[in-house]
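# Chain and residue survey
The residues making up each chain are set out below.
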Amino acid sequence: MNEQMITTERVFSIFSELNKIPRPSHHEERVADYLCQFAERLNLSYERDKENCVVIRKPASKGYEAHEPIVLLNHMDMVCVGMNDPLNTPIKPYTENGWMMARGTSLGADNGIGLSMALAVLENDSIEHPALEVITTTNEEDGMSGASQLSKDFLKGRKVINLDSEDYDTITTGAAGACLQFHRIPLKREPVPQGKHRWYRIRFEGGLGGHSGVDINKGRCSAVIATWAILAAIYNEYTIHLASINLGEANASIASSAEIIICVPSGEACEFVKSQQEMMNEWLHEEYPQDSKMTCTIEKCEPLDSVISTEAFELLMSCLELIPQGVVQMSDVMPGTVETSNNVGRITTEEDHIFVSTHTRSFVDDDMATLSKQIADIFQQRGAESEVVMSAPAWQENQQSPFLQLVSNTFQDVLGWRPRMVAMHFVLEAGFFVQHYPGIQIASIGPRIVEPHSTSERVELSTIKDIWKVLLELLRRL
């Protein structure tokens with residue numbers, strides 16, 4: 001037990017090392033370097049593919065040579081929220097009342113804690129286990145290009161322990177499919193209209209945000225909805241010119257903030273715009289009582305050099321009005337579970353287009369494909385371009401399989417309680433692994449992580465130690 005506790009502490013120190021390495025999606029080179037150097041230090045074999053996915057192989061412990069290899073699966077990227085410059089913004093974790101969180105940014109416990117556990121296993125030769133393949137993928141949070149491009153000979157093992165679950169009392173045995181799309185509305189900049197105009201900056205701040213899958217049905221206000229509502233209210237009464245919009249933090253998150261700059265004619269229109277602050281805050285309070293810290297502020301600002309064409313502005317407003325946002329369908333077979341949803345993650349004004357990202361999820365692949373196409377059609381029929389960035393299939397394990405029953409029994413024997421087995425409304429890489437490696441079986445476990453993909457992300461320390469104990473016993477039994 002003493003060795004086990006030392007290794008448990010090593011999980012935390014490895015996590016501290018990871019949090020010194022910037023690792024937003026699409027920029028995982030440095031953490032991939034770290035993983036390769038980690039393997040070299042331990043004299044373990046490894047491979048690194050063109051997507052920077054890394055697999056590290058460790059031989060079986062003495063007496064376990066005849067057992068089939070076990071795969072430990074994690075991803076190396078994180079959703080960087082609260083960081084204006086993710087490649088140069090340090091994560092500053094701290095602990096309070098049994099939880100770890102970060103100051104002003106997302107923590108990276110998703111999936112840094114699971115990765116730290118896997119590396120701690122590799123480092124400790126006193127842990128009993130079959131041959132191990134510790135695979136760490138890239139871009140899981142924003143396209144899953146790493147998992148989707150894996151070669152069919154990258155892995156040999158067919159039993160996978162995925163350490164990317166966020167529900168401590170759960171074995172995740174299925175996940176929704178997901179389709180991430182980028183839409184680009186053609187943008188023309190026009191001169192500022194003649195006559196007297198006032199410029200205003202409208203801000204939405206303080207929203208809970210959160211994961212656009214698991215938090216989609218929790219009554220949180222997306223800044224996309226609030227932005228559309230206030231712009232529609234002004235546009236329905238007065239001429240409005242949109243100059244810029246910067247909305248949302250990540251493609252996989254519920255938008256918690258927005259900043260919009262507009263100009264309107266002086267006079268009554270200005271008074272109407274200013275009155276919207278109080279009205280919008282009252283509406284937010286009434287419609288989204290659980291999101292009580294989200295606020296709207298409207299203040300005068302300096303003029304910009306140009307505005308967006310009315311055509312582009314109206315096209316954006318039309319698309320946002322027509323595409324579904326939030327829960328689309330609840331499941332008939334999994335009570336209380338969202339079956340299909342769609343979330344607008346980010347909207348920004350670029351040099352020649354307005355960028356919009358949509359993330360569609362469903363446990364039914366055909367429904368996901370149909371809804372994704374409907375959304376793309378709405379944009380394309382109005383002259384915008386749409387691109388499928390990622391389409392991941394849904395995944396569902398047989399909960400009665402001997403492998404999953406072994407995982408469940410291990411929880412019971414180690415912690416004294418039996419976990420739930422559930423399918424979750426987030427996307428996991430498991431769907432791609434099932435496609436690439438026939439016969440593979442996957443169980444996803446992990447500590448309790450609350451509010452991932454947000455500045456409120458936190459992990460419960462005691463559950464890390466519990467999952468660590470379960471993992472070690474699982475490796476011994478397998």
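Values in this document were obtained by computation on a predicted structure and should not be read as measured data. (Residues numbered from 1 in each chain as written. Predicted model: local features only at pLDDT ≥ 70, side-chain atom pairs only at ≥ 80, totals over all residues. Heavy atoms only, no water.)

### Description of the sheet that holds strand β23 (residues 449-450)
Counted only if it meets this: Note on pairing: DSSP must find at least two bridges between two strands before they are called paired. Segments assigned H or I by DSSP are reported as helices when at least four residues long, segments assigned E as strands when at least two residues long, and all are numbered from the N terminus.
The four strands lie next to each other as β4-β5-β24-β23, forming an open sheet whose pairing is antiparallel. What marks the edges here is a single partner per strand, and that holds for β4 (93-96) and β23. Sheet topology places strand β5 (residues 99-102) next to strand β24 (residues 458-460); three bridges connect them, and they run antiparallel. In the strand pairing of β24, Met101 is matched with Arg458.

### Let's talk about the packing of helix α2 (residues 29-41) against helix α3 (residues 109-123)
Going by this rule: Axes here mean lines fitted to C-alpha atoms, for a helix over just the part in contact, with angles spanning 0 to 180 degrees between N-to-C directions. These descriptions rest on fixed angle ranges, namely under 35 degrees for roughly parallel, over 145 for roughly antiparallel, 65 to 115 for roughly perpendicular, and the rest for oblique. Working rule for handedness: look at the near helix, and if it is turned counterclockwise from the far one by less than a right angle, call the crossing left-handed; if clockwise, right-handed. In what follows, a contact means two residues having at least one pair of non-hydrogen atoms within 4.5 Å.
The contact between α2 and α3 brings their axes to 10 Å, and the two run at 15°. With respect to α3, the axis of α2 lies roughly parallel. The way α2 lies across α3 gives a crossing that is right-handed. Listed contacts from α3 to Tyr34, Leu35, Phe38 and Arg41 of α2 are Leu115, Leu119, Leu122 and Glu123.

### Things to note about the side chain of Ser212
Operational definition: We call two N or O atoms a polar contact when they sit within 3.5 Å, provided that within protein one can donate a hydrogen and the other can accept it, with sequence-adjacent residues counted only if both atoms are side-chain atoms.
Tracing the backbone through its elements, the reader meets Ser212 in the loop between β11 (197-205) and α5 (223-235). Here the side chain of Ser212 touches Arg361 through a polar contact of 2.8 Å, side chain to side chain. In contact with Ser212, other than residues within four places in its own chain, are Ala252, Ser253, Ile254, Ser341, Asn343, His359 and Arg361.

### Details of the packing of α3 against helix α11 (residues 461-477)
Condition: Nonpolar residues are Ala, Val, Leu, Ile, Met, Phe, Trp, Tyr, Cys and Pro. Charged residues are Asp, Glu, Lys and Arg, and all others, Gly as well, are polar.
Interaxial distance between α3 and α11 falls to 11 Å at its minimum, and their mutual angle equals 45°. Classified by the interaxial angle, the pair formed by α3 and α11 is oblique. For the pair α3 and α11, the crossing hand works out as right-handed. In this structure, α3 contributes Ile113, Met117, Ala120 and Val121 to the contact, and α11 contributes Ile464, Ile467, Trp468, Leu471, Leu472 and Leu475. Taken together, the residues that form the contact of α3 with α11 break down as ten nonpolar, no polar and no charged.

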